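# Summary of the model geometry
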Amino acid sequence: MATFGTLSDRLTETFRNLRTKGKLSPADVDGTVREIRRALLDADVALPVVKDFTAKVRERALGDEVNKALNPAQQVVQIVNEELIAILGGQQRRLEFAKTPPTVIMLAGLQGSGKTTFAGKLAKQLEGEGHTPLLVACDLQRPNAVTQLTVVAEQAGAAIYAPEPGNGIGDPVKVAKDGVEHARRTQHDVVIIDTAGRLGVDAELMKQAGDIRKATNPDEVLFVIDAMIGQDAVNTAKAFQDGVDFTGVVLSKLDGDARGGAALSVASITGRPIIFASTGENLDDLEPFHPDRMASRILDLGDILTLIEQAQSAFDEAEAMKVAEKLANEAFTLEDFLEQMQQMRKMGSMKKMLGMLPGMGQMKQQLDDFDEREIDRTEAIIRSMTPAERRNTKLLNGSRRLRIARGSGMTVTDVNQLVQRFEQAAKMMKTVARGGTPQIPGMGPMGKPGASAKRGKKGAKGKSGSRSGNPAKRAAENAGGALAPAEATGSGFGLGGQKAPSEADMAEIQKLFGKG
């Protein structure tokens, strides 16, 4: 996540310096805490939060839980992770719906914080969950605010109540009250009220927001705050809490390049949970806020659970079973490959998904260099083929490849590379689908160390027995090899001593993916 990029780099570098130490002295702990304090202050985290955070980390790092640990560096990372989760709110908090519909959700915040865009994102997400949201346009001051909300509502596929044109005309309190009544009559179960903002906190803004709250008695008041405003986030949050009060926080623009201090300050300062994180301009770029997952991202430990949830929402399980069957029967084609790519598109940005993998913070340059348009180019090549060519790549002779290259605006080399990559990927996936172990080019079968993928004809067909010069030893080794293969003690990735997962482990993995 771009917002925490610098902070993540600083913390990762700090912990890297601890790995060489078998035991941590008080001086080591003090030095680590000092670096953490500097990193947090540079990230615009509020000073009271930094003081409290570093004091707790230091106290726990000097305690028995680290002194008795086998790996003190890992234990310190765990302590920092737990304290980060605490200042981010501890437990995830979901929206609370009214027992008797409609549930009224009021949005508050400064102008430009992203309230209107968030209203559309929330409406779309609620639509996907089976709700029937109604957007109410109560920002009647900002030029074209009503028009913007109308466009956003149309994109989200949600209904809108906008009786006033805005641009300074109309009573926002009356519109809010009438909007709730309209939702009750038309049986919308959620009302999202988009209120006006100001460039700064003032009495008029607070009075209007307070009057709307009194008139509608909302079940949730969500304070939308721009994650890029830094230290001023604390003052703004306090002002809204005193003037209107709110039940939850929404962090917007987390995809920006700011330092992210707002996210690490607002929950601790206000005592109100962060409920949503807005991570992009598209209406799908909205995530429920999980303090533990956000802490893992900051510490470059990855966010596999969010990645799995996004995959589950994007991929059709029945379609996935069909693909698995095709792979096992060697019937996987470029048409199936194209369908899989289109399903991956539904998950959003590839960069964002790759960034959720553990350790990807150390590959920032590679992520930045990743070209999302490569998927478009691949799709263009496949779509330039005839149905018969997609089903059977052996038909692709030189003239056909030239025609495909011209039709897609690519080169013959690009077409050749795509076909080669597809055939290699299909072969590996077919092996996995049949329960085998895929063979990575140049590395041999995974899980069989020392096996080479490149064997000469002699090596493949010749004797595979022991070459020891000692006859007794040679006979013993040949006999042992004939009885049973040696247990694998490593893999192509250098993970020595890793055993195959048990049936219980596989059952847990299936539960994790929702297939248990």
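Residues numbered from 1 in each chain as written. Predicted model: local features only at pLDDT ≥ 70, side-chain atom pairs only at ≥ 80, totals over all residues. Heavy atoms only, no water.

What follows is about the overall build of the protein. Counting its regular elements, the protein contains 24 helices and 10 strands. Buried residues in the protein amount to 41% of all 516 residues. Residue pairs in contact within the protein that sit at least 24 positions apart in sequence constitute 72% of those at least 6 positions apart. For the protein, the exposed surface amounts to about 27,500 Å²; the carbon and sulfur share of it is 51%. (Helix = DSSP H or I, 4+ residues; strand = E, 2+ residues; numbered from the N terminus. Buried < 20%, exposed > 50% of the residue type's maximum accessible area, 1.4 Å probe, protein only. Contact = heavy atoms within 4.5 Å. Areas by Shrake-Rupley, 256 points an atom, 1.4 Å probe, with all protein chains shown as cover.)

A word on the packing of helix α8 (residues 172-186) against helix α9 (residues 203-216). Between α8 and α9, the shortest axis-to-axis distance is 9 Å and the interhelical angle comes to 25 degrees. One element, α8, and the other, α9, form an angle in the roughly parallel class. Between α8 and α9 the crossing geometry is right-handed. Residue-level contacts link P172, V173, A176, K177 and V180 of α8 to Q208, D211, I212, A215 and T216 of α9. Looking at the contact of α8 with α9, its residues break down into six nonpolar, two polar and two charged. (Axes fitted to C-alpha atoms, helices over the stretch in contact; angles between N-to-C directions. Parallel < 35°, antiparallel > 145°, perpendicular 65-115°, else oblique. Left-handed = near helix turned anticlockwise from the far one by under 90°. Nonpolar A, V, L, I, M, F, W, Y, C, P; charged D, E, K, R; others polar.)

For the rest of this paragraph, the subject is the pairing of strand β7 (residues 274-278). Within a regular strand, side chains alternate between the sheet's two faces. Of all five residues making up β7, five are buried, and the element is well covered by its neighbours. Looking at chain direction, strand β6 (residues 248-252) and β7 are connected through three bridges and run parallel. The residue bridging V249 from the neighbouring strand is I274, located in β7. Relative to strand β8 (residues 286-288), β7 is paired through three bridges, and the arrangement is antiparallel. The residue bridging S278 from the neighbouring strand is L286, located in β8. (Pairing = 2+ DSSP bridges.)

In space, the eight strands of this open sheet follow the order β3-β2-β4-β1-β5-β6-β7-β8, with mixed pairing throughout. Edge positions in the open sheet fall to β3 (159-161) and β8, since each of these has one partner strand only. On average, each strand axis in the sheet is tilted by 25 degrees relative to the strand beside it, whichever way the strands run. Where strand β5 (residues 220-226) lies against β6, five bridges are found, and the strand directions are parallel. Along β6, the bridge assignment pairs V224 with V250.

It is worth spelling out the side chain of T393 at this point. Examined against the element boundaries, T393 turns out to sit in the loop between α19 (387-391) and α20 (398-408). The contact partners of T393, leaving out residues within four places of it in the chain, are L334, R401, V419, F422 and E423.

This part takes up the packing of helix α2 (residues 26-42) against helix α3 (residues 47-61). Viewed as axis vectors pointing N to C, α2 and α3 meet at an angle of 160 degrees, and their least axial separation amounts to 10 Å. The angle between α2 and α3 falls in the class roughly antiparallel. Note that α2 runs across α3; the crossing there is right-handed. From α2, V29, D30, V33, I36, R37, L40 and L41 reach across to α3, where they touch L47, V50, F53, T54, V57, R58 and A61. Grouping the constituent residues of the contact of α2 with α3 by class yields 10 nonpolar, one polar and three charged.

Looking now at helix α5 (residues 72-87). Taking 1.5 Å as the rise per residue, α5 with 16 residues should run 22 Å; its terminal C-alpha atoms sit 23 Å apart, in good agreement. Those residues of α5 that sit buried are P72, A73, V76, V77, I79, V80, N81, E83, L84, I85 and I87. Phi turns positive, to about 120 degrees, at G89, one or two residues after α5. (Expected span 1.5 Å × (residues − 1).)

Here we come to the pattern of salt bridges. One pass over the full model with this rule turns up 15 salt bridges. K56 is the partner of D52 in a salt bridge, and the nearest nitrogen-oxygen pair spans 3.4 Å. Of this pair, D52 and K56 are both found in helix α3, four residues apart, which corresponds to roughly one turn of the helix. With a relative accessible area of 38%, D52 lands in the partly exposed category. (Salt bridge = Lys/Arg side-chain N within 4 Å of Asp/Glu carboxyl O.)

With that settled, consider the packing of aromatic side chains. Scanning the model with the defined rule gives three aromatic pairs in all. A ring pair is formed by F118 and F276, whose centres lie 5.7 Å apart and whose planes are at 55 degrees; its orientation type is tilted. Of this pair, F118 sits in helix α6 (residues 115-128) while F276 sits in strand β7, and the two are 158 residues apart along the sequence. Across the pair, exposure class does not vary: F118 and F276 are buried alike. With centroids separated by 4.9 Å and ring planes inclined at 25 degrees, the aromatic side chains of F223 and F246 adopt a geometry described as stacked. Residue F223 is located in strand β5, and its partner F246 is located in the loop between α10 (232-243) and β6; the two are separated by 23 residues in the primary sequence. Taken together through their ring pairs, the aromatic side chains of F223, F240 and F246 make up a single cluster. (Phe/Tyr/Trp six-rings, centres within 6.5 Å; stacked < 30°, edge-to-face > 60°.)

What follows is about unusual backbone geometry. P101 connects to P102 through a cis peptide bond whose omega is 5 degrees. Tracing the backbone through its elements, the reader meets P102 in the loop between α5 and β1 (103-108).

The subject of this paragraph is the environment of I375. Structurally, the position occupied by I375 is in helix α18 (residues 373-383). Residues I375 and M341, spaced 34 residues apart in sequence, show a C-alpha to C-alpha distance of 7.7 Å.

Here the focus is the side chain of S278. Inspection of the secondary structure assignment puts S278 in strand β7. Among the polar contacts listed, one links the side chain of S278 to the side chain of K121, at a separation of 2.5 Å. Dropping the residues within four chain positions of it, S278 is found in contact with K121, L251, S252, K253, L254, D285 and L286. (Polar contact = N/O pair within 3.5 Å; in protein donor to acceptor, adjacent residues only side chain to side chain.)

Here the focus is the environment of L395. With respect to the element layout, L395 can be found in the loop between α19 and α20. Since its relative accessible area comes to 33%, L395 is described here as partly exposed. When near neighbours in sequence (up to four residues on either side) are disregarded, L395 contacts A388, E389 and R400.

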